Amino acid sequence: MNRPRFPLALIALLAAALTASPTAAVAADAGLAAALRAKGAEVTEASGEIVGVTFKDNTGLTAADYALLQQIPHLKTLGCGIGLDDAALKALAGLPALELLSTNGMKGSDEGVAALASIKTLQNIAFFHPGKGFTGIGLAALASLPKLERLTVAGSNEFGDAGMAAAAKLTHLTEFRTWHNGVTLEGVKKLSALGNLRSINLGQRLSSTPPATLTDEALPVLAGIKSLEVISISETRLSLPALQAFKQLPKLKRLTLDGIDISEADVAALRQQLPQVDVKWNAPTDAFKKRIQSLFPPAKP
């Protein structure tokens, strides 16, 4: 089905209306909302103003379509789906008020991601299932974003140790989440540079073959980030002695062990040793057990 086209003349007319009066600005937003919905977007409004736009599928969107977004001075959140490529990422440059950008299945590369450095209002960025052109090294360009505090990268085997090194340059981060990636212990070690981190969600690699992202050896790295208040770890095998390293964290309030291969008795002992910490543990499912066994094969005699 062909989507209706909205000429640049309409975009210019809507932009002019924004400066005319509050009533005209609301009317302009109504026109923009209609145009965006015709392109398949979900539009969120507050007091007649567009504050959020979500595309589940960006395939087929043109430069003129992205120009519509540039006409929304109060757009706070933007969600993008498959088909978001480098040209589209660059077209988002300069959005005046964007705080949250979330993508799922983007085709964009590191070069395209680096272009986001021009959106100085960004506070939270999430990349779910990015394509093979994104390794994460483009994240280093975002170190200039003064308000960026939260970052998520999940579901990419291409996001490995080099990507973690780039993420570690974002020293403003207070929250970092990554799982199902290509990271090894060397990548985890890069997190030591994030001295303002308060929350971390660190999951297992995407592949079911060694080396694992999360092992006992990774925990001293996390224990060295003294600002941490919340830790979530998933899909691995850990020992009580290694987890005891978290006693070194003076601000730790919550520890979630999701699908962690450890005995219930050891979890009880850990709770006694971390009395000020809310320790939550979920035993691994059968699927998790299978992956953990693959990542931690028995030692050869």
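Figured I'd write up the structure that's included with this text. Fair warning: this is a prediction, and the values are worked out from it, not measured in the lab.

Here's the deal with the overall build of the protein chain
Move 1: A tally of regular secondary structure across the protein chain gives 11 helices and 11 strands.
Move 2: A burial count over the protein chain gives 48% of its 301 residues as buried.
Move 3: The contacts of the protein chain with a sequence gap of at least 6 include a subset with a gap of at least 24, amounting to 60%.
Move 4: Accessible surface computed for the protein chain: about 13500 Å², of which carbon and sulfur atoms make up 55%.

As for the pairing of strand β7 (residues 175-181)
Move 1: Across six bridges, strand β6 (residues 150-156) lies against β7 in parallel orientation. Counterpart to Val153 in the pairing with β7 is Thr178.
Move 2: Of the crossover connections in this fold, the one passing from β6 over helix α6 (residues 161-167) to the parallel β7 is right-handed.
Move 3: Examined bridge by bridge, β7 and strand β8 (residues 199-202) share four bridges and lie parallel to one another. Its bridge partner lying in β8, Thr178 is registered against Leu202.

Quick word on the environment of Arg177
Move 1: Among the secondary structure elements, Arg177 is positioned in strand β7.
Move 2: Here Arg177 falls in the partly exposed class, since its relative accessible area comes to 26%.
Move 3: Taking C-alpha positions, Arg177 is 9.0 Å from Ser232, a pair spaced 55 residues apart along the chain.
Move 4: A distance of 2.9 Å separates a polar atom in the side chain of Arg177 from a polar atom in the side chain of Thr152.

Details of the packing of aromatic side chains
Here a ring pair, both rings aromatic, is described through the centre-centre distance and the interplanar angle of the planes.
Move 1: Summed over all chains, the structure comprises three aromatic pairs.
Move 2: An angle of 45 degrees between the planes, with centres 5.1 Å apart, marks the rings of Phe127 and Phe134 as tilted. For the pair shown, Phe127 and Phe134 are each scored as buried.
Move 3: Seen from their ring centres, Phe134 and Phe159 are 6.5 Å apart, and the 10 degrees between their planes marks the pair as stacked. Placement of Phe134 in the loop between β5 (124-128) and β6 and of Phe159 in the loop between β6 and α6 is noted, with a sequence separation of 25 residues between them.
Move 4: Linked through ring pairs, Phe127, Phe134 and Phe159 together constitute an aromatic cluster.

Rules of the game
Residues numbered from 1 in each chain as written. Predicted model: local features only at pLDDT ≥ 70, side-chain atom pairs only at ≥ 80, totals over all residues. Heavy atoms only, no water. Helix = DSSP H or I, 4+ residues; strand = E, 2+ residues; numbered from the N terminus. Buried < 20%, exposed > 50% of the residue type's maximum accessible area, 1.4 Å probe, protein only. Contact = heavy atoms within 4.5 Å. Areas by Shrake-Rupley, 256 points an atom, 1.4 Å probe, with all protein chains shown as cover. Pairing = 2+ DSSP bridges. Right-handed = clockwise from strand over helix to strand, strands pointing away. Polar contact = N/O pair within 3.5 Å; in protein donor to acceptor, adjacent residues only side chain to side chain. Phe/Tyr/Trp six-rings, centres within 6.5 Å; stacked < 30°, edge-to-face > 60°.

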